[in-house]
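Working through the structure, step by step
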Amino acid sequence: MPTDEYRQVLANNRAWVERMKAADPSFFDALAEGQSPGFLYIGCADSRVPANVIMGVQPGQVFVHRNVANLVVNTDVNAQAVIQYAVENLHVRQIVVCGHYGCGGVQAAMGDGDHGLLNGWLSEIRDVYRRHETELGKLEGEARYRRLTELNVLEQCTNVIKTSAVQGHYREHGFPTVHGWVYDLRDGLIRDLEIPFREILAEVQTIYRFSPHLTADQIAPVEAPEPDEVS
Ligand code: CO
């Protein structure tokens, strides 16, 4: 039997439709015409980090992919399809990977224990830990946990930049750019890690060469201005 909470959600939906139509009678007609979001957001499935809400954007403004601990696994067909579609078909200008402090996935990966099916998934985070063991080893407790959350975001951003979709589209059109964020559950604020997108792009292009025609002079120059800064 439906619970009160279940019934309330459907009532919420109807109330929301009425509010939106009252503010803009053509709201749903316009959305039904198609989407042209400026952002692809890749975040954690955690119920406390809802993409549209924390970004303050309406339906149609952000294409969203969420999973446990905001991972971009190179062999995950789901995430790879989302990235390819967002870049090549929707032409998003910005891709954001958003982690969050207090992430249960990161916490589980740092601890002991057999998590069954999640072992392989969480090993992606353990791999990040292993790559940054020296830095993380100097930190303790909460500081180490927070830093691993940030390094995980950086690593997943790098995985996004590795894709042929991002490399190819950036080479042709000068976007999308990739950003790393960490959301803090305790104050609701998004922290921009200001990852060095161009440096990472140039670095991955020396190894992850998916274009047979990519020559040295086509590798993104690190010193060039951001496309959005060009008038
Ligand atoms: Co999380």
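Before going further, it helps to spend a moment on the overall build of the protein. Helix and strand counts for the protein stand at 10 helices and five strands. Structurally, the protein occupies a C-alpha span of about 55 × 50 × 30 Å along its principal axes. Here the protein holds 231 residues, and the buried ones make up 40% of them. In the form shown here, the protein has an accessible surface area of approximately 13100 Å², with 52% of it arising from carbon and sulfur atoms. Put simply, the protein has 20 plus and 31 minus side-chain charges, and the middle of one group is 3 Å from the middle of the other.

Before going further, it helps to examine the coordination of the cobalt ion. When a metal holds four donors in a tetrahedron, each ideal angle between them is 109.5 degrees; when it holds six in an octahedron, the ideal angles are 90 or 180 degrees. For the cobalt ion, the protein coordination sphere consists of Cys44 (SG), His100 (NE2) and Cys103 (SG), at 2.1 to 2.3 Å. Mapped onto the sequence, the donors of the cobalt ion take the spacing C-x55-H-x2-C. In this pair, Cys44 sits in strand S1 (residues 39-44) while His100 sits in strand S3 (residues 94-101), placing the two residues 56 residues apart along the sequence. Taking relative accessible area as the criterion, Cys44 reaches 7% and is therefore assigned buried.

Turning to helix H4 (residues 77-89), a few remarks are in order. The first and last C-alpha atoms of H4 sit 17 Å apart over 13 residues, in line with the 18 Å expected at 1.5 Å per residue. Among all positions of H4, only Ala79, Val82, Ile83, Ala86 and Val87 are buried. Considered in projection along H4, the buried side chains sweep an arc of 115° and stay on one side of the axis. Its side-chain oxygen at 3.0 Å from the backbone nitrogen of Asn78, Asp76 defines the N-terminal cap of H4.

To continue, consider the sheet that holds strand S2 (residues 62-67). With mixed pairing, five strands are arranged side by side in an open sheet as S2-S1-S3-S4-S5. In this open sheet, the two strands that pair with only one neighbour each are S2 and strand S5 (190-192). Shown here is a sheet whose adjacent strand axes are inclined to one another by a mean of 25°, direction ignored. Relative to S3, S1 runs parallel, the two being bridged by five bridges. By the bridge assignment, Ile42 is partnered in S3 with Val97. Strand contacts of helix H8 (residues 141-162): S1, S3, strand S4 (177-184) and S5, with the helix running at about 155° to S4, the strand carrying the most contacts.

Burial analysis of S3 places eight of its eight residues in the buried class, which makes it a mostly covered element. Taken together, the eight bridges between S3 and S4 define a ladder with parallel strand orientation. Bridged to Gln94 within S4 is Thr177.

Further remarks concern the environment of Glu5. Relative to the helices and strands, Glu5 resides in helix H1 (residues 4-23). Taking the relative accessible area as the measure of exposure, Glu5 reaches 65% and is therefore exposed.

Time to look at the side chain of Asn152. With respect to the helices, strands and loops of the structure, Asn152 is situated in helix H8. At 3.3 Å, the side chain of Asn152 forms a polar contact with the backbone oxygen of Ala69. Dropping the residues within four chain positions of it, Asn152 is found in contact with Ala69, Asn70, Leu71, Val106, Ile125 and Val128.

All right, on to the pattern of salt bridges then. The full count for this structure, using the stated rule, is nine salt bridges. Where Glu142 meets Arg186, a salt bridge forms, and the shortest distance between an N and an O atom there is 3.9 Å. Taken as a pair, Glu142 in helix H8 and Arg186 in the loop between S4 and S5 lie far apart in primary sequence, 44 residues in all. One salt bridge in this structure joins Glu150 and Arg147, with 2.9 Å as the shortest N-O distance. Residue Glu150 and its partner Arg147 are both found in helix H8; the two are separated by three residues, about one turn of the helix. Classification of Glu150 by relative accessible area gives buried; the value is 14%. A residue is classified by how much of its surface remains accessible, and Arg147, at 27% relative accessible area, is partly exposed. Connected through salt bridges with shared partners, the residues Glu142, Arg146, Asp184 and Arg186 form a single ionic network.

Take the nonpolar core next. If you look at the biggest cluster of nonpolar residues, it comprises 27 residues, and the most contacted ones within it are Leu40, Ile42, Ile83, Ile95, Val160 and Val178. Put simply, the parts of the chain that give this core at least two residues each are S1, H4, S3, H8, helix H9 (164-173), S4 and helix H10 (197-205). If near-sequence neighbours (up to four positions away) are discounted, Leu40 is found in contact with Phe63, Val82, Ile83, Ala86, Val92, Gln94, Ile95 and Val96. Core analysis: the next-biggest nonpolar cluster, separate from the first, contains 15 residues, Cys44, Ala108, Val128 and Leu151 among them.

About the criteria used
Counting from 1, residues in each chain are numbered in the order their sequence is written. Only residues with pLDDT of at least 70 are given local features in this predicted model, and only at 80 or more are side-chain atom pairs given and counted; all residues enter the totals for whole chains, interfaces and linings. Hydrogens and water molecules were not included; the side-chain quantities draw on all heavy atoms of the structure. Going along the chain from the N terminus, every DSSP run of H or I of four or more residues is numbered as a helix, and every run of E of two or more is numbered as a strand. The classification of residues rests on relative accessible area computed with a 1.4 Å probe and restricted to protein chains. Under 20% of the type maximum is buried, over 50% is exposed, and intermediate values are partly exposed. What sets the accessible areas is the Shrake-Rupley method with a 1.4 Å probe; for residues, cover comes only from the shown protein chains. By the counting scheme adopted, Arg and Lys are positive, Glu and Asp are negative, and His together with the chain ends is not counted. Lysine's charge is taken at NZ, arginine's at CZ, aspartate's at CG and glutamate's at CD. Think of the donor list as every N, O and S atom within 2.8 Å of the metal, or within 3.2 Å for Na, K and Ca; water never makes the list, so a site can look incomplete. A helix is expected to reach a length of 1.5 Å times the quantity of its residues less one. The arc under discussion is defined with respect to the helix axis, by the directions toward the C-beta atoms. Polar contacts, as used here, are pairs of N or O atoms within 3.5 Å; protein pairs need one atom able to donate a hydrogen and one able to accept it. Residues neighboring in sequence count only if both atoms are side-chain atoms. Here the rule is simple: two strands pair whenever DSSP picks up at least two bridges between them. Lines fitted to C-alpha atoms define the axes here, with helix axes fitted over just the stretch in contact, and angles between the N-to-C directions of these axes take values from 0 to 180 degrees. Any two residues having at least one pair of non-hydrogen atoms within 4.5 Å are treated as being in contact. Whenever Lys or Arg places a side-chain nitrogen within 4 Å of a carboxyl oxygen from Asp or Glu, that contact is recorded as a salt bridge. The set of buried Ala, Val, Leu, Ile, Met, Phe, Trp, Tyr and Cys residues whose side-chain atoms join them within 4.5 Å is what this entry labels a nonpolar core.

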